[in-house]
Every structure is written in structure tokens, then in C-alpha cells.
Amino acid sequence: MCGVVVEHDGERVLKIRGDDADPWSRGYLCPKATALGDLHDDPDRLRTPMRRIGSAWTPCSWNDALDLVVENITRLQQRHGRDAVALYTGNPMAHNFGGLLYGVPFMDALGTKSRFSATSIDQLPHMLAALLMFGHQLLMPVPDLDRTEFLLMLGANPLVSNGSILSAPGIKDRLRGLKARGGELVVVDPRRTETAMLADTFLEIRPGTDALLLAAFLEVLFREKLIAPGRLAAFTDGFEELERHVRPFTPERVASHTGIATEHIVGVARRLSAAKRAAVYGRVGVCHSAFAGLAGWLVYALNIVTGNLDREGGVMFTTPAFDIVALTQTLGKGGSFGRYQSRVRGLPEFGGELPAATLAEEIETPGAGQLRALVTLAGNPVLSTPNGRRMDRALASLEFMVSIDPYLNETTRHATVILPPVSQLEQSHYDVALAAFAVRNVARYSEPCFERGPEQKADWEILSALTTRLLAKRPGGGVLARPLQGLAQALGKAAEGLGPERILDVGLRIGPHGPRPWKRAGVTLSRLRRSTHGVDLGALVSRFPERLATPNRRIALVPDAFAADVARLERELARPVDDGGLVLIGRRQLRTNNSWLHNSPRMAKGRDRCSLLMHPKDAASRGLVHGQRVVLTSRTGSIEVPLQLIDRMRRGVVSLPHGFGHDRDGMALRVASVQPGKSINDITDEERIDPLTGVVAFSGVPVTVTPAA
Ligand SMILES: Nc1nc2c(c(=O)[nH]1)N[C@H]1C(S)=C(S)[C@@H](COP(=O)(O)OP(=O)(O)OC[C@H]3O[C@@H](n4cnc5c(=O)[nH]c(N)nc54)[C@H](O)[C@@H]3O)O[C@H]1N2
Ligand SMILES: Nc1nc2c(c(=O)[nH]1)N[C@H]1C(S)=C(S)[C@@H](COP(=O)(O)OP(=O)(O)OC[C@H]3O[C@@H](n4cnc5c(=O)[nH]c(N)nc54)[C@H](O)[C@@H]3O)O[C@H]1N2
Ligand SMILES: [Mo]
């Protein structure tokens, strides 16, 4: 999302740097962006469709590859039903505007309810809270970082991740700015992270207990009569009900479970309520627990009862130039929850998708509705979903699999066909999704840096070609079949010809910053083409109650689904606290991006980063020493990794990054395989989930650590 300057000679990248003239990122760039050149030049990046017969891969033409895919999908859907073919969409699609726009008709053409994505191992809890409280799954508020005076941050490390559902370049300077204004930064994390080192207050929480802590903050606010929703009171229901629900969670009762002393809980709650403008922000660390749904809800509830939702310096809703909230609402795709359940474990649907935690068992479990084929779109579930070894076996057992992906990696090696898109530098870019979660309203369009060969396709073209072919093959009834198929084909062809730019331009024109008769310069694609560095559309402004999408246009402070889950959280208080063993959490690193930047020499160089962090005292009591290799074991498996001792870990907690483990057979990742690391998800557990949402409790997996032989 940052402004990037790419110097090149028409073929190869010479230099990549931050764009000083970018009104938003002002020259800032994180290391990941410098990998763009390596990715473009990478000899391992696939440039033509590949087909596997046995273990041998051969290049094939787009026509043959697309036909093969559509024949197999159609055949299996005819024999076993539409839902027997699954789709898994991964994280990079969120940044790919062509792929996003053409993904919608593709999903319709596939017509399967067996859709999975990285959402259910990531931000689903925030989306669920947004849907049930504000009426639209994308109405997730963003901390107004540059104007807040108190920031309570749980389970996020933006100094490394760059902020998530909080797009903000140069977070470090912005957090320093908060302190320079006399504000306070509170960080809640089991590890004293890079971000926590900047904090005024650091609460070293026991993994998985954020919902208890958040409920206790609310309990203090209600008991001490510090509830001050301000203007929100006029359109919010449920204050008394919320008070009733949080009453059992006193700081005294949650202290031993959360590992945070009563006086710290009370102190933070009081200072949060006293601050003139405050923001509470939770991210991946709070989404990866067995109470993730409740935690996501309580974060928003805290912002509401303190009057900080939708106000300057609090958490705010954006007004993006391409307004995905308004557009999806118009299309009737504002979100859904629990309309149906997964076949094997009965986990709930969310937004038309089922939890990734159940994908492997849906493939492996025989019976009506068993999954027979899979499409992966920019996803690497073998490394990113829990119990990756089981996922490996499940994918190997499929009758057919196709991957839309530039690499032959841990996941795509199981495919029969790989359809590779062009590189990031060979396609245009506009952030249709993530601009909607930026700390300022901004719009920037980037032309491709490089021309691509006539035989290469962008993600949107691949999706579009598949859509057209799938619709043409769709069995229709009786005499109408042929003309209808013709029509479907014609419509598909028209969409193919349109291109994402046309859709983007229409979206910008009808968007909130589009041209109007009374405005001088509205945002259009041609204006963005002229404003190469991007356009700043100003600070965030208050959007509620107009933007509220609930049927009654009011905020539901206590949606039923959350209310019904509180009793489970209360039962947690009755369980004895067991700090005897070790539990595992994850972490991100500056030079990684989930599983797929390790083939960039710039990102991969240097020491082995896939190390296990442990507190020196935990090591001493086990007779372990710094640098030695250890075996990390959980219910699902064992991996061997190097040990790194550091006193910035909570006692009893160990941390390993995810996205490594490039040591499987049959991949073509020459750089990544030099220091392959081990996959944390080989030992995470698909059965540790939040039953309310089906998201995976990656955080707090019980493990043992022993010396390697
Ligand atoms: N234990 C543990 N597990 C985690 C997490 C954690 O914190 N701990 N984090 C979770 C989170 S937040 C996420 S988002 C997921 C990510 O999970 P995934 O999205 O499944 O995994 P990625 O590693 O992002 O894989 C991206 C894939 O897309 C391909 N790709 C890259 N760019 C493009 C493109 O432009 N087009 C196409 N078609 N393909 C592309 C890459 O080659 C790669 O195969 O992992 C989750 N898993
Ligand atoms: N460099 C880099 N940047 C990235 C990514 C990357 O892989 N590399 N991935 C991108 C993606 S897909 C995402 S979703 C974002 C995520 O962005 P962030 O949410 O900022 O991600 P993390 O750095 O994983 O921070 C999560 C923090 O939660 C802590 N934690 C673990 N368990 C608990 C718990 O139970 N409670 C609390 N309170 N904290 C806990 C961890 O110690 C960690 O510090 O980052 C994005 N940016
Ligand atoms: Mo993510």
C-alpha cells in the first residue's frame, strides 16, 4: 500500500525505494516491498500453466489447461453435486483488485457452498462483530492513530506487521507522535514485542485470555459508573444488558487467569475512560483464541461505552474512494453468519464460507457431500492452516486440484494443474479492500511497470476465463439450455473484455469522492492516472449513524450470538489455572509475509529466523541452552527447531513464526529450501477452535520442549 518507486531497465528491476512524493506514505517503505523485484525476476516463478502427470510437471497451453480444469470440475460436480468442489482463497487476494472483482462471478459460476479462505484463520472475529453490531461485515473501525491520546492495543505488533485492519505506513513514528502529544500506549501481549518496547504500559497476558481481560475492563467501567457513550447513546441498544453480562468478570476474578494484576486492570480501565480520545484495537493475537468471537465483540463494546467509536481520536470508519462497504451492500453481500453448518463438525458458515479448520476433514470423511476437488486461489493451506501434515495428506487424496498461484510450493505440488498469474509488477494496482481500513482516506492507482508477454494472464483474466468456460458447460434444462448457455457465454465474454479498470472507474465515480456537478475535481480513474503519487482525501470523518447498516439503523451492543456465548467464558473462570507446562504462540517478522516471501534472496538472506523463543528460566529448569536444537511436540506432531533464549517472553510461553517449513518434497523453491525452517502449523491443532466462530485457536497450543537427539 505504500508508495513505491521502481527503477528498471524495461526488463529487470534496478532499484526499489519509498516514494517521497506519496502524500500518504511519504517515502516510508517496509522491507517486504523490496522483494517485488526478486519476485518479478525469480526464475522459480511459473510463467506458463503447468500440468502434473504422476510426479512429473510439464508446461501446457492456456487453452489446454483451462479446458482440463473446467472438464474436471464439471465432471465431478455432475457426479457428486456442486458442493463436492471446494475453493480456498488466500491472503494475497485481499491486495489484488482484479482478482477481487473477478472472484465474485467466478464463485457464482462454481456455485459451491464449500468455500474456505484465510478469513477464518485471521480477522473473522472482527468481521463477525462488525456484522452483528453495525450490520455489515466490512464495517470494521480503524484506530485514528494520528489523533488519539490513548491507545490500548491487544495482540498486535504493528512495528513488524505494519498494521492490519489499520493501514498506516511508518507506525513507529505515529506511535512516537502519540507519546509526544502526551498520550499513553498500552500493549497487551505474552511477549514484550518490538511494539511493546515503545509502550508506556505493558501487560504480559497469558495466551488466549483476552476476552476475560476485556470483560474485566468493562466490569470496572460499569461498576465505577464510568460509562460515557456520548452521542452514541442515541442510537445504541443494550447498555444494561452488557452490564449484566460483564458483572461476573471482576478484575479480582480474572487476575490469575489473565496473569494481570487487579490494580493494573483497574488502572488501565480508569485511564482509558479518563482519556479525552482513546482507541481500543485488537488484532491477530486476539483472533487466535478459543474465545476469539467474544474478544472481537468486547473490543468494539469498549470503544462504544467510552464514547470513542466514530469520533476523532477514537476508532473510526473510513470513507474510501472505491467504497466496498456501500458496493457490497448494494449487491446484498454485506455478510451472513450461521446460515448453514459444515457437514462433519457442524461449524458455522460466515460470509458464504466455512472455517478452514474443517477443510481437511471435509476432504477425508467419506459420505454424501465429501469434497472431491479443490481450487486454491492465492493460498497455501499446507503451511497456513492448523495440522498442515493432515492437510498434506488430504490434498494428496483429492480426485482433482487446481491452483491459481505463481509458485510450485507446499500446497500447489498437490495440484493437477497450476495456473500462474503475472507478477505484481506486470499488473496495475489499486487497493480496493485495504484502503477501506487506512488511517486516512487515500487513493492511488499504479500502472504496470513491465509489459507482459501475450501468453501471460493476470489473476482476473484467469478467473474470467474459467468463469466463461464454467458457465458454458453448466447443464441447463430443456429447450432453454442452449440459448441460455449462449447468453451466459456472451455475458462472460463481455466481462472479460471490460477489464477491472472499467469496473474500478465506475466504482470511483459513484463513490463518495467521485465527481459531482457541484464539485471541482472528483476522483476518477483518469485523475488517478495523472496523480501518479496518489491523492490524499483527508483525515477520517464521523460516519454514524448514517453509515450504520443494521435493519433498524441502531448499534446492537449485545448481539444474541455473543450473549449466548458469555456463559462459556464464565465457566472458564471456574477452571483452575495451570501454569505447569508450556504453551506455544506465533510471531511475524519484518522480512516475511506469511509463507511466500522466502524465495526472495533479499528476504531470505541472513541467519535462520525460524527459531523458538523461550524465557531463560524456562530453559534452565529444563536443562536447555541457547542455540541448541530442540524438539517441540504437541498433540498433532513434532518438529525440530533451534532455541533462542530471551527474557522478553512470558514465563511458560514459547514463540515460533509461521510460514516456514519449505522442506517438503516436490517443490520448486530453490532459495526458500536453503533455510527451510519448520512449519509451526505441523504442530498446531485443527481441533482447538473457537466453537462460536470456528476460527482456529493458534495461540496457546500446549507443547513440550525437549533436547533434540
Ligand atoms: N500458526 C499460525 N498460522 C497462521 C497465522 C498465524 O499467525 N499463526 N496467520 C494466519 C493469517 S493472518 C493468514 S492471512 C494466513 C495466510 O494464509 P494463506 O493465504 O493460505 O497463505 P499465504 O502464505 O499468504 O499464501 C499465499 C499464496 O498465494 C500465492 N500468491 C502470492 N501472490 C499471489 C498473487 O498475486 N496471485 C495469486 N494467484 N497467488 C499469489 C503464494 O505463492 C502462496 O502460495 O495464515 C494464517 N496462518
Ligand atoms: N512483515 C510481515 N508483515 C505482515 C505479515 C507477515 O507475515 N510479515 N502478515 C500480514 C498479515 S496476513 C496479517 S493478518 C497481519 C497481522 O498483524 P498483527 O496482528 O500485528 O500480527 P502479529 O505481528 O502476528 O502480532 C500478533 C501479536 O499477538 C501476540 N499474541 C499471541 N497470542 C496472544 C494472545 O493470546 N493475546 C494477546 N493479547 N496477544 C497474543 C503475539 O505475540 C504477537 O505479538 O500482518 C500482516 N503484515
Ligand atoms: Mo492475515
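Residues numbered from 1 in each chain as written. Chains lettered and ligands numbered in written order. Predicted model: local features only at pLDDT ≥ 70, side-chain atom pairs only at ≥ 80, totals over all residues. Heavy atoms only, no water.

The next subject is helix H3 (residues 97-110). Here H3 contains 14 residues, and its C-alpha end-to-end distance of 20 Å stays within 8% of the 20 Å for a straight helix at 1.5 Å per residue. The principal kink in H3, of about 35 degrees, is found at Gly103, preceding the proline Pro105 by one to four residues. Of all the residues in H3, the buried ones are Phe97, Gly98, Gly99, Leu101, Tyr102, Gly103, Phe106, Met107, Ala109 and Leu110. The first or second residue beyond H3 is Gly111, which carries a positive phi of 60 degrees. (Helix = DSSP H or I, 4+ residues; strand = E, 2+ residues; numbered from the N terminus. Expected span 1.5 Å × (residues − 1). Bend = angle between axes of the 7 residues up to and from the residue. Buried < 20%, exposed > 50% of the residue type's maximum accessible area, 1.4 Å probe, protein only.)

At their nearest, the axes of helix H7 (residues 210-223) and helix H10 (residues 262-274) sit 9 Å apart, and the two run at 65 degrees to each other. Relative to H10, the crossing made by H7 is right-handed. Residues Leu213, Ala216, Phe217, Val220 and Leu221 of H7 touch H10, and the partners they reach there are Ile265, Val266, Val268, Ala269 and Ser273. Tallied by class, residues from the contact of H7 with H10 come to 9 nonpolar, 1 polar and no charged. (Axes fitted to C-alpha atoms, helices over the stretch in contact; angles between N-to-C directions. Left-handed = near helix turned anticlockwise from the far one by under 90°. Contact = heavy atoms within 4.5 Å. Nonpolar A, V, L, I, M, F, W, Y, C, P; charged D, E, K, R; others polar.)

It is worth spelling out the site of ligand 1 at this point. Near ligand 1 lie 29 residues; those nearest to it are Tyr88, Asn91, Asp405, Asp459 and Ser595. When ligand 1 sits alone it has 920 Å² of accessible area, and the protein chains cover 97% of it. If you count residues domain by domain, the shell around ligand 1 takes at least three from each of domain 2 (50-112 + 355-431 + 442-532) and domain 4 (580-707). (Near = heavy atom within 4 Å. Areas by Shrake-Rupley, 256 points an atom, 1.4 Å probe, with all protein chains shown as cover. Domains from an automatic or database assignment.)

Here the focus is the packing of aromatic side chains. Two numbers describe a pair of aromatic rings. These are the distance of the centres and the angle of the planes. Counted according to the given criterion, the structure contains 7 aromatic pairs. Aromatic side chains Phe134 and Phe317 sit 5.5 Å apart centroid to centroid with 85 degrees between the ring planes, which places their arrangement in the edge-to-face category. Linking Phe134 in helix H4 (residues 124-134) with Phe317 in the loop between strand S13 (315-316) and helix H13 (324-330), this pair joins segments that are 183 residues apart in sequence. Pair check on accessibility: Phe134 and Phe317 agree, each one buried. Each ring, one from Phe317 and one from Phe544, has its centre 4.3 Å from the other, and the planes form 20 degrees; the classification is stacked. Of this pair, Phe317 sits in the loop between S13 and H13 while Phe544 sits in the loop between strand S22 (535-539) and strand S23 (555-556), and the two are 227 residues apart along the sequence. No difference in accessibility class separates Phe317 from Phe544, as the two residues are buried. What links up through ring pairs into an aromatic cluster is the set Phe134, Tyr300, Phe317 and Phe544. Sitting over the ring of Tyr340, Lys113 keeps its end group 5.2 Å from the ring centre. In this structure, Lys457 packs its charged tip against the face of Trp62, placed 5.5 Å from the ring centre. (Phe/Tyr/Trp six-rings, centres within 6.5 Å; stacked < 30°, edge-to-face > 60°. Lys NZ or Arg CZ within 6 Å of the ring centre and 35° of its normal.)

If you trace the backbone, Leu419 turns up in strand S18 (residues 417-419). Look at Leu419 and you get buried, because its relative accessible area is 0%. For the pair Leu419 and Val69, spaced 350 residues apart in sequence, the C-alpha to C-alpha distance is 9.7 Å. Setting aside residues no more than four positions away along its own chain, Leu419 makes contact with Pro49, Trp62, Ala65, Leu66, Val69, Val402, Ser403, Ile404, Asp405, Ile462 and Leu466.

Here we come to the nonpolar core. Counting residues in each nonpolar core, the largest one holds 155 residues, and the members touching the most others are Phe134, Leu152, Phe217, Leu242, Leu419 and Tyr430. Counting only domains with at least three residues in this core, you end up with domain 2 (50-112 + 355-431 + 442-532) and domain 3 (132-317 + 546-568). Once residues lying within four places of it in the same chain are set aside, the contact partners of Phe134 are Ala129, Leu139, Pro141, Tyr300, Ile304, Leu309, Phe317, Phe544, Leu548, Ala549, Thr550 and Ile555. Judged by nonpolar contacts, the second largest core, of 31 residues, contains Tyr88, Ile363, Leu398 and Ile418. (Core = buried A, V, L, I, M, F, W, Y, C linked by side-chain atoms within 4.5 Å.)

Here we take up unusual backbone geometry. Here the residue pair Phe544 and Pro545 is connected by a cis peptide bond, since its omega of 5 degrees sits within 30 degrees of zero. Looking at where Pro545 falls in the secondary structure, it is placed in the loop between S22 and S23. Positive phi, close to 55 degrees, is recorded for Ile165, a residue that is not glycine. As for its placement among the helices and strands, Ile165 is situated in the loop between helix H5 (158-161) and helix H6 (171-180). The backbone of Ala378 sits at a positive phi, close to 55 degrees, despite the residue not being glycine. The class of Ala378 is buried, set by a relative accessible area of 14%.

Let us look at the site of ligand 2. Taken together, 30 residues are adjacent to ligand 2, and Ser161, Asp189, Asp210, Thr592 and Ser699 come closest. Between ligand 2 and Gly155 there is a distance of 3.3 Å, counted from a nitrogen atom to a backbone nitrogen or oxygen. The contact in question runs from a nitrogen atom of ligand 2 to an N or O atom on the backbone of Leu590, over 3.4 Å. Out of a free accessible area of 930 Å², ligand 2 has 95% covered by protein chains. Those elements that place two or more of their residues in the shell around ligand 2 are H5, helix H11 (284-287) and strand S24 (582-587). Across the shell around ligand 2, the residue classes tally to 10 nonpolar, 14 polar and 6 charged. Split by domain, the residues of the shell around ligand 2 number at least three in each of domain 3 (132-317 + 546-568) and domain 4 (580-707). (Polar contact = N/O pair within 3.5 Å; in protein donor to acceptor, adjacent residues only side chain to side chain.)

For the rest of this paragraph, the subject is the domain arrangement of the protein chain. Domain boundaries assigned for the protein chain yield domain 1 (4-41), domain 2 (50-112 + 355-431 + 442-532), domain 3 (132-317 + 546-568) and domain 4 (580-707). Look at where the C-alpha atoms of domain 3 and domain 4 centre, and you get two points 28 Å apart. Counting from both sides, the interface comprises 26 residues of domain 3 and, opposite them, 23 residues of domain 4. Counting the surface lost from both domain 3 and domain 4, the interface buries some 1,800 Å², and carbon and sulfur atoms represent 63% of this. There are 1 salt bridge connecting domain 3 and domain 4. (Buried area = accessible area lost by both parts, 1.4 Å probe. Salt bridge = Lys/Arg side-chain N within 4 Å of Asp/Glu carboxyl O.)

Structurally, the position occupied by His615 is in the loop between strand S25 (612-614) and helix H23 (616-621). Non-local contacts of His615, meaning those with residues more than four positions away in its chain, are made with Ile646, Asp647, Met649 and Arg651.

Take Thr524: it is sitting in the loop between helix H18 (481-510) and helix H19 (525-530). According to the relative accessible area criterion, Thr524 is buried, its value standing at 8%. The contact partners of Thr524, leaving out residues within four places of it in the chain, are Asp505, Leu508, Arg509 and Pro515.

All of the buried residues along helix H16 (residues 388-396) are Gly388, Arg390, Met391, Asp392, Ala394 and Leu395. Here the buried face of H16 lies against helix H14 (359-364), strand S16 (373-377), helix H15 (381-384) and strand S17 (400-404).

Here we come to the sheet that holds strand S12 (residues 278-282). Each strand in a sheet pairs with its neighbour through backbone hydrogen bonds, running either in the same direction (parallel) or in the opposite one (antiparallel). One open sheet holds the 4 strands; their spatial order is S10-S9-S8-S12, and the pairing between them is parallel. Of all strands in the sheet, those with a lone pairing partner are strand S10 (201-203) and S12, marking the two edges. Strand-to-strand twist across the sheet, computed as the mean angle between neighbouring axes with direction ignored, equals 10 degrees. The sheet contact formed by strand S8 (residues 150-154) and S12 spans 5 bridges and is parallel. Across the sheet, residue Leu154 finds its bridge partner in S12, namely Gly282. (Pairing = 2+ DSSP bridges.)

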